[in-house]
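Descriptive analysis of the structure
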Amino acid sequence: MQQLNNIFELNNISKVYERKIAISSLSLTIKKGELVALIGPSGAGKTTLLNILANVLKSESGQLLISGVLSDKYNSGKKLAKKIGIIRQQFDLVGQLPVVHNVLAGRLVEWGFLKSLLSLIFPQEKELAKKALDRVGLLDKIYEKTSNLSGGEQQRVAMARLLVQKPEVILADEPVSALDPARAEDILSMLTKLVREENETLITVLHSVEYAKKYFDRIIAMREGKVYFDLPAEKVTDKLLSDLYDLKELN
Amino acid sequence: MNKISHSFDIHKKTILTLLLILAFIWSLFSVNWGPELVHTGGKATLAQIFESLFHPQLSSEIINLALIATWRTLSYAVAGMTLAIIIAILFGVLASGVLAKSELSRRFSKGVFRGILGFMRAIHELIWAWLFVASIGLTPYAAIFALAIPYGGILGRIFADIINDVPKEPIEALYSAGASRIQLLFYGYLPMAASDMISYTMYRFECAVRSSTVMSFVGLGGIGFQIQLALQDLNYNQVWTYMFFLIILVVLIDLWSNILRKRLVE
Ligand SMILES: Nc1ncnc2c1ncn2[C@@H]1O[C@H](COP(=O)(O)OP(=O)(O)OP(=O)(O)O)[C@@H](O)[C@H]1O
Ligand SMILES: [Mg+2]
């Protein structure tokens with residue numbers, strides 16, 4: 001029964017690019033409802049790990065269980081989309097479409113071809129999109145061309161899409177790195193608040209340790225493809241952090 | 001290292017330029033420079049054509065004829081382009097391979113449909129026109145099909161390239177949100193490719209009007225056919241009337257496409 005509570009279980013996962021080891025024999029467990037920040041220096045393997053969790057990258061060895069089921073079993077995009085939602089930097093939206101369609105794209109997993117085609121002319125389940133946009137404070141921009149929105153607003157549209165998609169876990173890769181500090185905090189506090197309200201799980205790659213401590217429960221630090229530390233946010237000390245980002249090579 | 005290969009490139013360019021100039025000079029020697037090089041009556045004819053440029057025939061009868069002929073040329077071009085666009089979207093999407101599920105079927109779809117599109121545009125519209133006139137006779141359909149096939153081939157190829165050049169991040173995001181291939185096409189590829197596709201189509205439409213004019217020399221009616229008749233009568237004043245109609249038509253299309261393009265960019 002314990003297993004059902006684990007959304008991700010990694011056993012000795014490794015990933016090698018040509019000769020470079022990106023992830024080396026990594027084991028982790030992530031429970032349902034956790035808010036995890038993934039930090040570490042550049043090239044530590046954070047994006048690689050996130051892509052393995054998202055099942056878009058296959059590991060060379062080891063085993064990944066998603067909700068207790070082997071990752072290979074999630075072989076269709078639709079099946080995976082109900083489990084995992086992804087948010088990256090703000091370049092993920094189709095700028096030429098009005099905001100409403102970018103939000104409703106979160107329903108494509110449920111919709112058939114004809115309904116999704118019809119929706120481009122007469123938006124279907126519009127109430128759903130309206131509710132989601134209202135929660136991210138962008139209801140007035142519903143028919144705006146998406147590329148006219150600012151970077152921060154586009155990230156909020158991406159969050160509205162996730163609200164409509166309703167995955168069990170959200171994986172985010174540096175979702176605020178292209179935003180100014182005020183905008184970044186705004187997005188992070190909104191994202192973590194929504195995830196808590198929806199009882200979802202969140203794993204976010206972050207470059208800012210400060211944000212990681214402020215908004216997340218658990219911090220996993222990576223260095224050279226390994227877990228350097230894995231602690232509750234309040235137990236992370238400055239000493240640990242300065243060692244983590246120390247430029248000296250580890251042995 | 002980079003510098004060396006760069007200067008080598010410049011070197012190659014200079015050598016190529018020299019070779020081309022030499023080839024050109026050599027080709028001049030093979031021309032038989034004599035009084036018979038230019039048709040003896042040519043100068044007089046040229047003067048006559050030039051002179052009639054300022055005196056186009058503007059009788060209501062000719063203008064009426066020109067209007068009908070221009071209208072016909074335009075309708076062939078519009079009908080031909082409409083068909084070409086349908087062919088191009090269908091084959092272009094298939095030739096881009098974005099609907100294929102596996103790597104193997106993607107390559108297959110790309111290979112086959114790029115091949116078909118290549119065949120369609122390898123043959124010039126005039127040759128298609130001859131083929132269609134020979135098989136279905138001097139009907140408007142011959143002109144429309146003759147335009148639609150090569151233009152469908154060109155547009156389809158460009159559409160496929162535009163679709164393949166679309167930014168990948170939004171597509172991946174849609175895929176991870178659970179969109180199927182066909183949903184990716186309508187929510188990702190096509191919206192992102194649309195403005196480039198439309199602006200290229202407008203440019204091609206202008207070309208189609210000119211092609212449609214030339215094609216009517218085959219006997220398919222339209223402004224080109226009238227020009228041909230006038231030329232046979234050595235009636236250059238009439239030729240210019242028709243020419244002006246053609247020019248106005250092309251300019252109008254250019255204006256319209258500029259307005260459309262501007263609206264798309266906004
Ligand atoms: N497609 C690839 N081909 C080859 N090597 C790669 C590839 N992707 C990542 N790597 C290498 O794997 C290592 C881990 O990369 P990864 O992108 O996971 O790091 P990261 O922690 O996300 O870094 P950053 O903070 O800069 O985004 C790096 O050394 C990188 O050079
Ligand atoms: Mg990264």
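Located above this text is the structure these notes cover.
Residues numbered from 1 in each chain as written. Chains lettered and ligands numbered in written order. Predicted model: local features only at pLDDT ≥ 70, side-chain atom pairs only at ≥ 80, totals over all residues. Heavy atoms only, no water.

1. Section: the pattern of salt bridges
Residue and element names in this part refer to chain A.
- Tallying each qualifying case throughout the model produces 23 salt bridges over all chains.
- Close ionic contact of Asp180 with Arg183 constitutes a salt bridge, the shortest N to O distance being 3.6 Å.
- Taking the shortest distance from any N to any O, the salt bridge between Asp230 and Arg218 comes out at 2.8 Å. Here Asp230, found in strand 10 (residues 226-232), pairs with Arg218, found in strand 9 (residues 218-223); they are twelve residues apart in sequence, far enough to count as distant.
- You can call Asp230 partly exposed: its relative accessible area is 31%.
- One salt-bridge network, in which partners are shared between bridges, spans Arg135, Lys166, Lys193, Glu197 and Glu198. (Salt bridge = Lys/Arg side-chain N within 4 Å of Asp/Glu carboxyl O. Helix = DSSP H or I, 4+ residues; strand = E, 2+ residues; numbered from the N terminus. Buried < 20%, exposed > 50% of the residue type's maximum accessible area, 1.4 Å probe, protein only.)

2. Examining empty space enclosed by the protein
- Tallying each qualifying case throughout the model produces two cavities of 30 Å³ or more.
- Estimated volume of the largest cavity: approximately 100 Å³.
- Taken together, Ile86(A), Ile87(A), Arg88(A), Asp92(A), Leu93(A), Ala158(A), Arg161(A), Leu162(A), Gln165(A), Ala173(B), Ser176(B) and Ala177(B) make up the full set of residues lining the largest cavity.
- Put simply, the parts of the chain that give the lining of the largest cavity at least two residues each are strand 6 (84-87) and helix 6 (151-165) of chain A together with helix 7 (168-176) of chain B.
- Top element by residues in the lining of the largest cavity is helix 6 of chain A. It accounts for four residues. (1 Å grid on protein atoms, 1.4 Å probe; cavity = no way out; pocket = protein on both sides within 12 Å on 5 of 7 lines; lining within 4 Å. Points joined across faces, edges and corners; volume = space filled by probe spheres on them.)

3. Points about the environment of Glu125(A)
Residues and elements named next belong to chain A.
- Tracing the chain through its elements places Glu125 in the loop between helix 4 (113-121) and helix 5 (126-135).
- When the C-alpha positions of Glu125 and Arg107 are compared, they lie 9.0 Å apart, and in sequence the two are 18 residues distant.
- Residues contacting Glu125, with those up to four places away along its chain left out, are Leu104, Arg107, Trp111 and Lys115.
- In this structure the side chain of Glu125 is engaged in a polar contact, spanning 2.8 Å, whose partner is the side chain of Arg107. (Contact = heavy atoms within 4.5 Å. Polar contact = N/O pair within 3.5 Å; in protein donor to acceptor, adjacent residues only side chain to side chain.)

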